[in-house]
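Okay, here's what each chain looks like letter by letter:
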Amino acid sequence: MRVIQVGIGGMGNTWLRAVQRSPHVDFAGFVEIDDEIARAQSEAYDLDRALIYKSLPEALHATDADAVINVTPPQFHREICIAAMNAGMPVLTEKPLAGTLEDARAIVAVANESGLLCGVAQNYRYRPLTQTIKAVLDSGELGALGALQAEFYRGPHFGGFREEMAHPLILDMSIHHFDLMRLFLDRDAKAISARSWNPPWSWFAGDASAAAQIEFADGLRATYSGSWCSQAFETSWNANWRFECERGVLRVEDDRIFAQQLLRADEGARGLAGLHDAIREMPLTAMAREGQDYLLHEFCEAATSGSSFATTAQDNIHTMEFVFGVMRACDSGETVRL
């Protein structure tokens, strides 16, 4: 499969490397509006400068491509995704699906009308840590899940569009964790209460800290707290998690997974007391491909053979509704129902 990559700076580096590693995907061309980025990346990755175009229509006209990878800032996702599908091309776009919920729904509408694949790069789903958590929860060994907590604290200095966003933490980072909640619970959010704020030392223009309480279908509850301008004691990018289950607890800290199971409940002088087994560290699931490598392979398979692709635009719109619901709850101070 031959692809056009739109945007080769910043996060584009990750996709340049993923395509160059793939035995099944090759580049037909590139789109980059910044001449300095085009020059630097052509040297760094040995790209043919003649194949770097200023716009997607120009690249589509000049190349024999099969698909498009969209690595532009969120406000351009609607334009690029729809242009690709209107040209008959499946498209794999970086998250978020779009910069606004209206734009995201417009992309889904074109995907539905055209029947073309529009995939969203929710790469955090395809990590050994994530797959192990999902496998343990699905095994039933800890019983029914009742609640979960997630905590995320980092202090990255990206520069660029992220530092100008109104809700940089929620839309650009917490979207991963909210999407993982949907994956872990096999449910969509139904009601959200949230607050966001910006600490005095923040280098972000928008709110870089937030806390949320989320209700899912069947009454499952989740709490989330995070910051993108934390100054110490950082968590993993994957966040720390705690899953409260009927017969024990699954805890994830610093990319390590621990389980402790309730063996039985004994009636003692002080009432009901739990007898637990020893804390176990869970070995991580082995994966032949991870992250963008997994997504690229799955996208290639789906685009060429019609196999399934988990994070289509049609599925990911529910993650977008979740994320924008959190932002609406922060802005309004009211509970948002989805």
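Placed above this text is the structure.
Scoring rules and cut-offs
- Residues numbered from 1 in each chain as written.
- Predicted model: local features only at pLDDT ≥ 70, side-chain atom pairs only at ≥ 80, totals over all residues.
- Heavy atoms only, no water.
- Helix = DSSP H or I, 4+ residues; strand = E, 2+ residues; numbered from the N terminus.
- Contact = heavy atoms within 4.5 Å.
- Areas by Shrake-Rupley, 256 points an atom, 1.4 Å probe, with all protein chains shown as cover.
- Lys, Arg positive; Asp, Glu negative; His and termini not counted.
- Charge placed at Lys NZ, Arg CZ, Asp CG, Glu CD.
- Phe/Tyr/Trp six-rings, centres within 6.5 Å; stacked < 30°, edge-to-face > 60°.
- Lys NZ or Arg CZ within 6 Å of the ring centre and 35° of its normal.
- Salt bridge = Lys/Arg side-chain N within 4 Å of Asp/Glu carboxyl O.
- Buried < 20%, exposed > 50% of the residue type's maximum accessible area, 1.4 Å probe, protein only.
- 1 Å grid on protein atoms, 1.4 Å probe; cavity = no way out; pocket = protein on both sides within 12 Å on 5 of 7 lines; lining within 4 Å.
- Points joined across faces, edges and corners; volume = space filled by probe spheres on them.
- Nonpolar A, V, L, I, M, F, W, Y, C, P; charged D, E, K, R; others polar.
- Polar contact = N/O pair within 3.5 Å; in protein donor to acceptor, adjacent residues only side chain to side chain.
- Axes fitted to C-alpha atoms, helices over the stretch in contact; angles between N-to-C directions.
- Parallel < 35°, antiparallel > 145°, perpendicular 65-115°, else oblique.
- Left-handed = near helix turned anticlockwise from the far one by under 90°.
- Pairing = 2+ DSSP bridges.
- Core = buried A, V, L, I, M, F, W, Y, C linked by side-chain atoms within 4.5 Å.

**Re the overall build of the protein chain**
Here is step 1: Looking only at helices and strands, the protein chain features 9 helices and 16 strands.
Here is step 2: Structurally, the protein chain occupies a C-alpha span of about 80 × 45 × 40 Å along its principal axes.
Here is step 3: Sequence separation of at least 24 residues holds for 68% of the intrachain contacts in the protein chain that already meet a minimum separation of 6.
Here is step 4: Only carbon and sulfur atoms are counted for the fraction: they give 49% of the accessible area of the protein chain, which is about 15,100 Å².
Here is step 5: The protein chain carries 29 positive and 46 negative side-chain charges, and their two centres are separated by 5 Å.

**Here we look at the packing of aromatic side chains**
Here is step 1: In this structure the tally under the stated criterion is 13 aromatic pairs.
Here is step 2: The residue whose ring lies beneath Arg127 is Tyr124, and the NZ or CZ to ring-centre distance is 3.7 Å.
Here is step 3: Cation over ring: Arg162 sits above Phe158, and NZ or CZ is 5.1 Å from the ring centre.

**Considering the pattern of salt bridges**
Here is step 1: Under the defined criterion, the tally for this structure stands at 24 salt bridges.
Here is step 2: A salt bridge links Asp315 to Arg125, with the shortest nitrogen-to-oxygen separation between them at 3.9 Å. Taken together, the residues Asp315 in helix 9 (residues 313-332) and Arg125 in the loop between strand 6 (118-121) and helix 6 (128-139) connect sequence positions 190 residues apart.
Here is step 3: The closest approach of N and O atoms between Asp277 and Arg280, which form a salt bridge, is 3.8 Å.
Here is step 4: A residue is classified by how much of its surface remains accessible, and Asp277, at 18% relative accessible area, is buried.
Here is step 5: Within this structure, Arg125, Asp179, Arg182, Asp188 and Asp315 form a network of salt bridges that share partners.

**As for the layout of surface pockets**
Here is step 1: What the largest pocket holds in volume is close to 980 Å³.
Here is step 2: Every residue lining the largest pocket is counted, 41 residues in all, and those nearest its centre are Gly9, Val71, Thr72, Pro73 and Phe161.
Here is step 3: Partitioned by chemical class, the residues of the lining of the largest pocket number 21 nonpolar, 11 polar and 9 charged.
Here is step 4: Its volume calculated, the second largest pocket comes out at about 170 Å³.
Here is step 5: Residue composition of the lining of the second largest pocket, grouped by class: 8 nonpolar, 2 polar and 3 charged.

**What about the environment of Asn198?**
Here is step 1: Mapped onto the elements, Asn198 comes out in the loop between strand 8 (189-197) and strand 9 (209-216).
Here is step 2: Each C-alpha atom of the pair Asn198 and Trp228 lies 9.6 Å from the other, and the pair is 30 residues apart in sequence.
Here is step 3: Not counting residues up to four positions away in its chain, the partners in contact with Asn198 are Phe204, Ala205, Gly206, Asp207 and Ala208.
Here is step 4: At 2.8 Å, the side chain of Asn198 and the side chain of Ser202 are in polar contact.
Here is step 5: In this structure the side chain of Asn198 is engaged in a polar contact, spanning 3.2 Å, whose partner is the backbone nitrogen of Ala208.

**Observations concerning helix 1 (residues 12-21)**
Here is step 1: For helix 1, the buried fraction is high: 7 of the 10 residues fall into the buried class.
Here is step 2: Turning to helix 1, its buried residues are Gly12, Asn13, Thr14, Trp15, Leu16, Ala18 and Val19.

**Considering the packing of helix 6 against helix 7 (residues 168-185)**
Here is step 1: Where helix 6 meets helix 7, the axes come as close as 9 Å, and the angle between the chain directions of the two elements is 30°. By the angle class used here, helix 6 and helix 7 are roughly parallel. Note that helix 6 runs across helix 7; the crossing there is right-handed. In this structure, helix 6 contributes Thr130, Ile133, Lys134 and Leu137 to the contact, and helix 7 contributes Leu180, Leu183 and Phe184.
Here is step 2: Each residue belonging to the contact of helix 6 with helix 7 can be placed in one class, and the counts come to 5 nonpolar, 1 polar and 1 charged.

**Considerations on the sheet that holds strand 1 (residues 2-6)**
Here is step 1: Here 6 strands make up an open sheet; going across it, the order is 3-2-1-4-5-6 and the pairing parallel. Edge strands, defined here as strands with exactly one partner in the open sheet, are strand 3 (52-53) and strand 6.
Here is step 2: Relative to strand 5 (residues 91-94), strand 4 (residues 67-70) runs parallel, the two being bridged by 3 bridges. Paired with Val68 across the two strands is Val91, which belongs to strand 5.

**Some details on the side chain of His177**
Here is step 1: In this structure, His177 sits in helix 7.
Here is step 2: Other than its neighbours up to four places away in sequence, His177 contacts Phe152, Tyr224, Trp237, Asn238, Ala239 and Trp241.

**Side note on the nonpolar core**
Here is step 1: Within the largest apolar cluster, 84 residues are counted, with the highest numbers of intra-cluster contacts made by Val68, Leu97, Met181, Ile214, Trp241 and Phe243.
Here is step 2: It is helix 7 that provides the largest number of residues to this core, a total of 11 residues.
Here is step 3: Other than its neighbours up to four places away in sequence, Val68 contacts Ile4, Val6, Leu56, Leu60, Ile80, Ala84, Met89, Pro90, Val91, Leu92 and Phe299.
Here is step 4: Residues Val3, Val71, Met287 and Leu296 belong to the second largest nonpolar core, which totals 28 residues.

**Some points on the side chain of Ser227**
Here is step 1: Of note, Ser227 is situated in strand 10 (residues 221-227).
Here is step 2: Engagement of the side chain of Ser227 in a polar contact is seen with the side chain of Ser209, the distance being 3.0 Å.
Here is step 3: If we ignore the near neighbours within four places in the chain, the residues touching Ser227 are Phe152, Tyr153, Arg154, Leu169, Ala208 and Ser209.

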